[in-house]
Amino acid sequence: MAELIHLHPENLGQANWQQPGEASLPVLSVRQIRLLEEAAFRLTDSFLLMQAAGIRSAIRIADKLGDADHQEPTCLVLAGPGNNGGDGCIVAGELKRRGYPVKLIQVTEGRQGSKDRMQAVLWAMAQGVEPVEFQLESGLPAISPGVVVIDALLGIACDRAPTGQIQTLIQLLNAEVRKTRFNNPAEAVRVFALDCPSGLNCDTGTAPGEAIQADATFTYLACKQGLLTGQGKRLSGEILVEGLSCEGLLQQMLQRPGFELHATARGQAEQLLRLPQRGHEHHKGSFG
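Residues numbered from 1 in each chain as written. Predicted model: local features only at pLDDT ≥ 70, side-chain atom pairs only at ≥ 80, totals over all residues. Heavy atoms only, no water.

We describe a pair of aromatic rings using the distance from one ring centre to the other and the angle between the two ring planes. As enumerated under the stated definition, the model contains 2 aromatic pairs in all. With centroids separated by 5.4 Å and ring planes inclined at 65°, the aromatic side chains of tryptophan 17 and phenylalanine 218 adopt a geometry described as edge-to-face. A residue pair is termed long-range when its members are at least 10 positions apart, and tryptophan 17 in the segment before strand E1 (25–28) and phenylalanine 218 in strand E7 (residues 216–220) qualify at 201 residues. We note that tryptophan 17, like phenylalanine 218, is buried. Feature note: the residues Trp17, Phe192 and Phe218 constitute an aromatic cluster, connected by ring pairs. (Phe/Tyr/Trp six-rings, centres within 6.5 Å; stacked < 30°, edge-to-face > 60°. Helix = DSSP H or I, 4+ residues; strand = E, 2+ residues; numbered from the N terminus. Buried < 20%, exposed > 50% of the residue type's maximum accessible area, 1.4 Å probe, protein only.)

What follows is the structure, given as structure tokens:
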């Protein structure tokens, strides 16, 4: 039997990013993603999955920044209290390890976080990152043109409007990003979201309150339906899906009774095959 999760410490950087529309990809609800996560955690170490998500995202971000003809931009990572924040800490550590200037702003709201979340911030610190707790009175660090922002505040757990410090942080960030894009479009601030833009409901595709507007979203395990519908399509920007080497497990789960797949993002080649064949004698009236 093929290995259901081909994930090991030595292949954490070996990503296989796919885009909906280019490849045919299953589209899952948040409940189904949670079931897939639970199954994955029974087969492999959960922190290994977090490392794979963070390291592979950091490498992809570095690739996107590689064509810059100026000095390496500052990377501002915003990490929330949950495991999405843990992904952000891993991204911060990996970008730091690759030589990028990194600022890690945490919003823990007095919560300790999961074991994986705590391990992630320690891993980032071991790479030379110095995390700073967000303070309302201090606001955001200066966001100058060319800064890259990594959004790891809420992830797919968001099902209501953000409140408190996270709501304020999203408001401040959106205002600063709009300002730089208006004043200097050539060096606009770029925003990359991890798993989904914070504030977006990944089931409904709606943003009930403040939400991050991302240039690209790096989402994990499978594509989420809220990224492709409603406000999600606009807020997500370019969508990239990384299976975290769990593609075999996903295929097995899709075959289980009761695990009903509600949608598939069809690839271009498959869409073309579904078009009716046109003969040389056909005209516009032949197809309505």
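That shown, we press on.
A positive phi is found at aspartate 195, a non-glycine position, where the angle reads about 75°. Along the chain, the position of aspartate 195 falls in the loop between strand E6 (190–194) and E7.

Of the residues in the chain, 91% reach a pLDDT of 70 or more, and the chain-wide mean stands at 88. Low pLDDT, under 50, characterises residues 267–272; the stretch is placed with 9 contacts to residues that sit more than four places away or in other chains. (pLDDT = per-residue confidence, 0-100. Contact = heavy atoms within 4.5 Å.)

So, on to the environment of proline 101. Mapping proline 101 onto the fold places it in the loop between helix H3 (83–97) and strand E3 (102–106). Assessed through its relative accessible area of 34%, proline 101 is described here as partly exposed.

What follows is about the side chain of serine 236. Tracing the backbone through its elements, the reader meets serine 236 in helix H6 (residues 230–236). Within the structure, the side chain of serine 236 is placed 2.7 Å from the backbone oxygen of glycine 232, a separation counted as a polar contact. Setting aside its immediate chain neighbours within four residues, serine 236 contacts Pro197, Leu200, Ala214, Asp215, Ala216, Thr217 and Leu227. (Polar contact = N/O pair within 3.5 Å; in protein donor to acceptor, adjacent residues only side chain to side chain.)

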